[in-house]
Amino acid sequence: MQVATLGFPRIGPKRELKAALESFWSGKSDAGALIATARTLRSDSWQRQASLGADLLPVGDFALYDQVLDTSVLLGVVPEGLDAYFATARGSRTQPAAEMTKWFDTNYHYIVPELSPEQNFALHPQGLLDALAAAEEAGVTPRPVVIGPVTYLLLAKSHTEGFDPIRLLDRLIPVYQQLFARLAEAGAEWVQIDEPALVLDLSDAARTAYRTAYAAFADAPVKLMLTSYFGALGDNTDLALSLPVAGLHVDLVRAPEQLDAVLAGARADLLLSLGVIDGRNIWRADLAAILNRIEPVVAARGSVVIAPSCSLLHSPIDLDRETEFDDELRSWLAFAVQKISELNILARALREGREAVAAELDAATAALDTRRRSPRIDRADVRARASDPDPALLRRGSEFAERQRAQRERLKLPAFPTTTIGSFPQTEQVRKARADHTAGRIDDAAYEQFLREETARTVAWQEKVGLDALVHGEFERNDMVQYFGEQLDGFAFTRHGWVQSYGSRCVRPPIIYGDVARPAPMTVEWWRYAQSLTAKPMKGMLTGPVTILNWSFVRNDQPRQRTCRQIAFAIRDEVLDLEAAGAPMIQIDEAALREGLPLRRSEWDAYLEWAVACFRIAASGVADTTQIHTHMCYSEFNDIIAAIGAMDADVISIETARSKMELLEAFRSHGYPAEIGPGVYDIHSPRVPAVEDMTELLELATKRLSPDQLWVNPDCGLKTRKWPEVEPAIVAMVEAARRLRETVKTPAPSNAG
């Protein structure tokens, strides 16, 4: 009986990696300081996991930016060296950043490998070998982690039309064989080879690729632990069990039902790794129930590994740092550190009997009982409202074409109207003022005055540079989800529960523990103040119910759609209050709608039905003259274009700069009728694009969509950028729109007067 961890958060308990990265990027420190910080964090992580009872520790899960990007370096797709590494991830003055998208259905972003038909691979293993040596020197039992070849190729893209990167498998297999040999020479016994694509709907080509690759690895000098997660193997169960590997990891949190099929088909000598602790949520586990399920497995098979369902990368690090939680709420939770302790309790129970950990098991059961009975969980009024079946709640007053005429008459915007997504840079001064206010060093009045001054300056600057639809900048907001959750009933918040989103970007997902309601308006006064500063239309800015759900740690004691519907009614109340205050346009961001899409197509329709319904509940109470915007982050829109149309927003803004407008093809093919703002400025890169770059992108957009549909905006909010980058980029964007108005004919707007 062994305990394994599949991966551990790498940002550090105090976000030390974030600080080191941003110091290096700004030129305040050198590469040596960055590497030293990374090595210390990595070593501390190993020691922490070992001290908690983990037997097999991951080596190779620690990345300076992204593990998929590290794999691209390992395989020779991206050159070695920090300059090339970060230029690929973030872009540089001369190189655009590589495309970035969501890792399966998580909020973690990976750098998409870009492969051509001529792509060659070459092994560059030194980083992984150095990590393995460091782990052995630290006295822990390391298990190297690599992304498997089939998943890597399935995640990759090619700019060559009609070319599928899976056709490169024959060139890639020898590189993995060389890698296994080098790891064996360095003393590795097992290698964790992550193939999460096994939980997807696989094509025949992908299934053949798995058989081909792992047949070639049958004689590898190391034992392979084939690792799946984020769902059930499903119809790929027989495929996974047929591959000649020494071990198989399955996710029994997302898909507990798959255990019986795996047990029925597993070879007697196949070591099973059981993912029994939730690596993606923060609720304390029902240890007694887990033991009831896996004790017979251990009795029948003798030897198993127990592990989290997936890497703990997706969990905050340590609950003990949250000193402000009340005892009841704390007793319901487990972060990465506590999850390893739970695994250790399970392992001891399986090795020594339940009586050896009776006190720990009783404490876990008592916490679960307390949570079930707590009066802070359920509210009858919220549940009754969220159950309202009235279909009128989901419908706008008129069809889009009629609304569009009414909105154009009211707004009187030019062709190719310019706007931004919502936030402007949260400068050091903004962050300091927030920290001082939180710590009590400045009072409410002084903090509000500071925020008003920042808002007024930003509104004036937007007018000066010529933007058409303005935003207030969101300086009062710490995070696009947390800000709303702090004002809603049913939410709790951490102080140190940071989770990596990409690179140095970290978020603190709220915890939804109870029924959700809005006790008072949340944004109306800030919108009213900002609109008072300008005659131009000011957008009301909200986060949508599906995104609040998907970017939170959600209660696991009721269906997710029930929680989402409660949030939708809370946002509906805010939308109606903004409209009553005079807001002519309201943006309801659904950045994470695609992210929540189930990994199996058979489950898509059910999810999209309730997700779209929740957006429409939030948005559909307004008059025709009120323009509803939404925004979505990096997504494969082809998959959900019908659902996006069903949302019935008046304007959608999307991230398209890195993909060079390729994503618009889905909207063109679908005949999407509403207006679209395809991003022309990649805000995740420090590179400031030239006017010509943005003009070229807009011209590409006009080849896919009617010019009459197009808005001009950045890819995403500007919160994480600096003003010296933002100012010239937005000026260039406005100029690109002006040039387009001169060169591209659009139908005469109905609001021409």
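For the structure itself, consult the block above.
Since we're looking at a predicted model, the values are computed, not measured. (Residues numbered from 1 in each chain as written. Predicted model: local features only at pLDDT ≥ 70, side-chain atom pairs only at ≥ 80, totals over all residues. Heavy atoms only, no water.)

(A) Spatial organisation of the sheet that holds strand E15 (residues 539-543). Across the sheet, which stays open at both edges, the five strands sit in the order E15-E17-E18-E19-E20 with parallel pairing between neighbours. A strand with exactly one partner marks an edge of an open sheet, and here the two such strands are E15 and strand E20 (675-678). The mean angle between the axes of side-by-side strands here comes to 20°, regardless of whether they run parallel or antiparallel. Sheet strands in contact with helix H16 (residues 400-411) are strand E17 (585-589), strand E18 (627-632) and E20, and its direction is about 65° off that of E20. (Pairing = 2+ DSSP bridges. Helix = DSSP H or I, 4+ residues; strand = E, 2+ residues; numbered from the N terminus. Axes fitted to C-alpha atoms, helices over the stretch in contact; angles between N-to-C directions. Contact = heavy atoms within 4.5 Å.)

(B) Molecular detail of the environment of Leu69. By secondary structure assignment, the location of Leu69 is in helix H3 (residues 67-74). Of the residues examined, Leu69 reaches a relative accessible area of 1% and is grouped as buried. Between the alpha carbons of Leu69 and Ala84 there is a distance of 11 Å; along the sequence they are 15 residues apart. (Buried < 20%, exposed > 50% of the residue type's maximum accessible area, 1.4 Å probe, protein only.)

(C) Quick peek at the pattern of salt bridges. By the definition in use, this model includes 53 salt bridges. Glu409 is the partner of Lys412 in a salt bridge, and the nearest nitrogen-oxygen pair spans 3.4 Å. (Salt bridge = Lys/Arg side-chain N within 4 Å of Asp/Glu carboxyl O.)

(D) Broad picture of the sheet that holds strand E1 (residues 2-3). With respect to topology, eight strands assemble into an open sheet ordered E1-E10-E9-E8-E7-E6-E5-E2, the strand pairing being parallel. Strands at the two margins of the open sheet, each flanked by one partner only, are E1 and strand E2 (57-59). Strand direction decides the pairing type here: strand E6 (residues 190-194) and strand E7 (residues 223-227), joined by five bridges, are parallel. Paired with Val191 across the two strands is Leu224, which belongs to E7.

(E) Broad picture of unusual backbone geometry. In this structure, Phe104 is a non-glycine residue whose phi angle is positive, near 55°. Structurally, the position occupied by Phe104 is in the loop between strand E3 (100-102) and strand E4 (109-111). Phi at Phe230 takes a positive value of approximately 80°, unusual for a residue other than glycine. Considering the arrangement of structural elements, one finds Phe230 in the loop between E7 and helix H9 (237-242). Since its relative accessible area comes to 3%, Phe230 is described here as buried.

(F) Looking closely at the packing of aromatic side chains. Counting across every chain of the model gives 22 aromatic pairs. Ring geometry for Tyr214 versus Phe217: centroids 5.3 Å apart, planes at 80°, classification edge-to-face. Classification of Tyr214 by relative accessible area gives buried; the value is 0%. Geometry around Phe230 places Arg280 over its ring, the cationic atom sitting 4.9 Å from the centre. Lying across the ring of Trp723, Arg457 places its NZ or CZ 4.7 Å from the centre. (Phe/Tyr/Trp six-rings, centres within 6.5 Å; stacked < 30°, edge-to-face > 60°. Lys NZ or Arg CZ within 6 Å of the ring centre and 35° of its normal.)

(G) Representation of the packing of helix H1 (residues 16-25) against helix H2 (residues 31-51). For the pair H1 and H2, the least separation of the axes is 9 Å and the interaxial angle reads 170°. Taken together, the axes of H1 and H2 lie roughly antiparallel to each other. In this structure, H1 contributes Glu16, Leu17, Ala20, Leu21 and Phe24 to the contact, and H2 contributes Ala31, Leu34, Thr37 and Leu41. (Parallel < 35°, antiparallel > 145°, perpendicular 65-115°, else oblique.)

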